[in-house]
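Now for the letters of each chain:
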2 protein chains.
Amino acid sequence: MTFHGYFRSSSSYRCRIAFNIKGIDYDFRPVHLKSGAQTGEDFRALNPQKLVPALETGEGTTLIQSLAIIEWLDETHPEPPLLSRDPLTRAQERGFAQVIACEIHPLQNLRVLKYLTGELGASEDQKNAWLAQWLGDGLAACEGLLQKQAGDTRFCFGETPGLADICLVPQVFSAERFNVDISGLTRVREIYDNCAALPEFEGAHPKNQPDFEA
Amino acid sequence: MTFHGYFRSSSSYRCRIAFNIKGIDYDFRPVHLKSGAQTGEDFRALNPQKLVPALETGEGTTLIQSLAIIEWLDETHPEPPLLSRDPLTRAQERGFAQVIACEIHPLQNLRVLKYLTGELGASEDQKNAWLAQWLGDGLAACEGLLQKQAGDTRFCFGETPGLADICLVPQVFSAERFNVDISGLTRVREIYDNCAALPEFEGAHPKNQPDFEA
């Protein structure tokens, strides 16, 4: 398998955690987003959406979108599972992951921030207010969802990490990078710390990638 | 089952198509987004994210996020299937759906457009350019993905409608509503027309909902 990603991309980070939990080896091809490598012809032939991640499965197919890639990994490499076997719990896990992937992350990714400060002429303060709004509000929604759950589990949905944790950790990393205050989100913080202590998460951290740049 | 949605919400529209394809009846509770009903205490207790849709399953659980709801419907009411039985095709179907749900729709929803014209003071022209950028570029990526597929199928992934079509149709509806030019996207157009001809899609159209407002 050949994995095309970028060290700081949240959605690449999610896939790396999943690879590590599953113990799957892959060839890594860095796509330097900051210099626009994703818009080059070679990469567009792989992914017309011009976004990372993309996974060449080795069967002539390229998969895109992190959640689709992770569910495919989970279906083709079932142990350890990243989703509950119970359909209702699985739907809650997917819903939590999608709060992040469909409502928070898209508003903070590089191309959108570039558009804000470029085409729309937003100031640095306006960009920071935008980030505080969507990351703050979005992670507060995550906290609300976690508080609604019964019990005080080690991870979002139980005692082993899964899809929800895989999405939460890179989003908290981004919030910290953008100086968004999430100090009041106690369950989010607790689960983030529990995940960060695991080598599967630590090894997937942006700072530990071959294409890392300070 | 009690379904909380709004006639014009794309993600509610997706769920309605899925209900219709599956032939599932539900109680409908309109949430009037334009007047902010989603931020009221009653609704927030159901969904801390303050967004539609939300589905009370009748087992004391509320599901959120349209793709999670639709996959749950598909798992608990398997016929007719909305996803392929083949993991690789299923991953492509999910990826296509997520291009829309994770990259296009979040940038055009009501709260984001309100923030643009409110807090950021974007003009009507700037708002329209924003919409043209993300809807145009996003649907062009969908066209690219469809063109990469072998064959000239009636729907996105074969001869029966599924998750990808369920996401595509409301997104094309939005593009038309916002006057985004997608006339060059021939496969997108063709598949949209094939879907629109089905009563399951027609019955889910915003104009046919009890909370419709002109």
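What you see is a predicted model, and the numbers here were worked out from it, not measured in a lab.

1. Quick word on the pairing of strand 1 (residues 2–5) of chain A
Residue and element names in this part refer to chain A. Here strand 1 shows two buried faces, one formed by Thr 2 and His 4 and the other by Phe 3 and Gly 5. Pairing analysis gives four bridges linking strand 1 to strand 2 (residues 27–30), with the strands arranged parallel. Considered in strand 2, the bridge of Phe 3 is made with Phe 28. Both strand 1 and strand 3 (residues 54–56) contribute to a ladder of three bridges, which runs antiparallel. Note that in strand 3 the partner of His 4 across the bridge is Ala 54.

2. Observations regarding the sheet that holds strand 3 of chain A
Residue and element names in this part refer to chain A. Reading across the sheet, the four strands line up as 2-1-3-4 and stay open at both edges, with mixed pairing between neighbours. This sheet does not close on itself; its edge strands, each paired only once, are strand 2 and strand 4 (62–64). In this sheet, adjacent strand axes meet at a mean angle of 20° when their direction is disregarded. Against the sheet, helix 1 (residues 10–22) engages strand 1 and strand 3, with an angle of about 150° to strand 1. Sheet strands in contact with helix 3 (residues 66–76) are strand 3 and strand 4, and its direction is about 120° off that of strand 4.

3. So, the nonpolar core
Counting residues in each nonpolar core, the largest one holds 145 residues, and the members touching the most others are A:Phe96, A:Trp130, A:Leu168, B:Phe96, B:Trp130 and B:Leu168. Setting aside residues up to four positions removed in sequence, A:Leu168 forms contacts with A:Phe96, A:Ile100, A:Leu139, A:Cys156, A:Val188 and A:Ile191.

4. Some remarks on the UniProt feature "domain: GST N-terminal" (unreviewed entry) in chain A
Under the local residue numbering, the UniProt record ascribes the feature "domain: GST N-terminal" (unreviewed entry) to residues 1–81 of chain A. Summarising residues 1–81 of chain A: 37% helix, 17% strand, and an end-to-end C-alpha distance of 20 Å.

5. Examining unusual backbone geometry
Negative phi characterises most residues that are not glycine, and trans characterises most peptide bonds. Residues and elements named next belong to chain A. Here Val 52 and Pro 53 are connected by a cis peptide whose omega angle stands at 0°. With respect to the secondary-structure elements, Pro 53 resides in the loop between helix 2 (41–46) and strand 3. Of the consecutive residues Glu 79 and Pro 80, the connecting peptide bond is found in the cis state with omega at -15°. Mapped onto the elements, Pro 80 comes out in the loop between helix 3 and helix 4 (87–104). Of note, the phi angle at Gln 65 is positive, near 75°, even though the residue is not glycine. With respect to the secondary-structure elements, Gln 65 resides in the loop between strand 4 and helix 3. In this model, Asn 179 sits at a positive phi of 55°, which is unusual for a non-glycine residue. The topology assignment puts Asn 179 in the loop between helix 7 (163–177) and helix 8 (186–196).

6. Points about the relation of the copies chain B and chain A
Overlaying chain B with chain A gives an RMSD of 0.0 Å, the required rotation being 180° about an axis along which the chain moves by 0.0 Å. Classification of the inter-copy transformation places it as that of a two-fold axis. When each C-alpha of chain B is compared by its distance to the rotation axis, B:Cys102 comes out closest, at 2.1 Å. Interface residue correspondence from chain B to chain A reaches 100%, placing this contact among same-surface, isologous pairings.

7. A look at the UniProt feature "domain: GST C-terminal" (unreviewed entry) in chain A
Residues given the UniProt feature "domain: GST C-terminal" (unreviewed entry) here are residues 86–214 of chain A. Helix makes up 63% of residues 86–214 of chain A and strand 0%. Its end C-alpha atoms lie 42 Å apart.

8. Digging into the sheet that holds strand 1 (residues 2–5) of chain B
Residues and elements named next belong to chain B. Reading across the sheet, the four strands line up as 2-1-3-4 and stay open at both edges, with mixed pairing between neighbours. Of all the strands in the sheet, just strand 2 (27–30) and strand 4 (62–64) have a single pairing partner and so form its edges. On average, each strand axis in the sheet is tilted by 20° relative to the strand beside it, whichever way the strands run. In the packing of helix 1 (residues 10–22) onto the sheet, the strands contacted are strand 1 and strand 3 (54–56), and the crossing angle to strand 1 comes to about 150°.

9. Comments concerning helix 1 of chain A
All names here are of chain A. The terminal C-alpha atoms of helix 1 lie 19 Å apart, and with 13 residues this matches the ideal 18 Å at 1.5 Å per residue to within 8%. Summarising burial for helix 1: 12 of the 13 residues are buried, a large majority. For helix 1, the set of buried residues is Ser 10, Ser 11, Ser 12, Tyr 13, Arg 14, Cys 15, Arg 16, Ile 17, Ala 18, Phe 19, Ile 21 and Lys 22. Those residues of helix 1 that are buried are in contact with strand 1, strand 3, helix 3, helix 4, helix 7 and helix 9 (199–202).

10. Description of empty space enclosed by the protein
With the rule as written, the count across this model stands at three cavities of 30 Å³ or more. Here the largest cavity defines a volume of roughly 70 Å³. Together, A:Leu67, A:Glu71, A:Arg94, A:Gln98, A:Leu163, B:Leu67, B:Glu71, B:Arg94, B:Ala97, B:Gln98 and B:Leu163 line the largest cavity. Where the lining of the largest cavity is concerned, the elements lending two or more residues are helix 3 and helix 4 of chain A together with helix 3 (66–76) and helix 4 (87–104) of chain B. Taken together, the residues of the lining of the largest cavity sort by class into five nonpolar, two polar and four charged. Considering only enclosed or pocket space, the second largest cavity measures out at about 50 Å³ in volume. What lines the second largest cavity is simply A:Gln49, A:Arg111, B:Glu103, B:Ile104, B:Gln133, B:Trp134, B:Asp137, B:Gly138 and B:Ala141. Mapped onto the lining of the second largest cavity, the elements with two or more residues apiece are helix 4 and helix 6 (124–148) of chain B. No other element matches the five residues that helix 6 of chain B contributes to the lining of the second largest cavity. Taken together, the residues of the lining of the second largest cavity break down into three nonpolar, three polar and three charged.

Calculation notes
Residues numbered from 1 in each chain as written. Chains lettered and ligands numbered in written order. Predicted model: local features only at pLDDT ≥ 70, side-chain atom pairs only at ≥ 80, totals over all residues. Heavy atoms only, no water. Buried < 20%, exposed > 50% of the residue type's maximum accessible area, 1.4 Å probe, protein only. Helix = DSSP H or I, 4+ residues; strand = E, 2+ residues; numbered from the N terminus. Pairing = 2+ DSSP bridges. Axes fitted to C-alpha atoms, helices over the stretch in contact; angles between N-to-C directions. Contact = heavy atoms within 4.5 Å. Core = buried A, V, L, I, M, F, W, Y, C linked by side-chain atoms within 4.5 Å. UniProt positions renumbered as here; feature names shortened; annotations may be inferred. Least-squares fit on C-alpha atoms with pLDDT ≥ 70 in both. Expected span 1.5 Å × (residues − 1). 1 Å grid on protein atoms, 1.4 Å probe; cavity = no way out; pocket = protein on both sides within 12 Å on 5 of 7 lines; lining within 4 Å. Points joined across faces, edges and corners; volume = space filled by probe spheres on them. Nonpolar A, V, L, I, M, F, W, Y, C, P; charged D, E, K, R; others polar.

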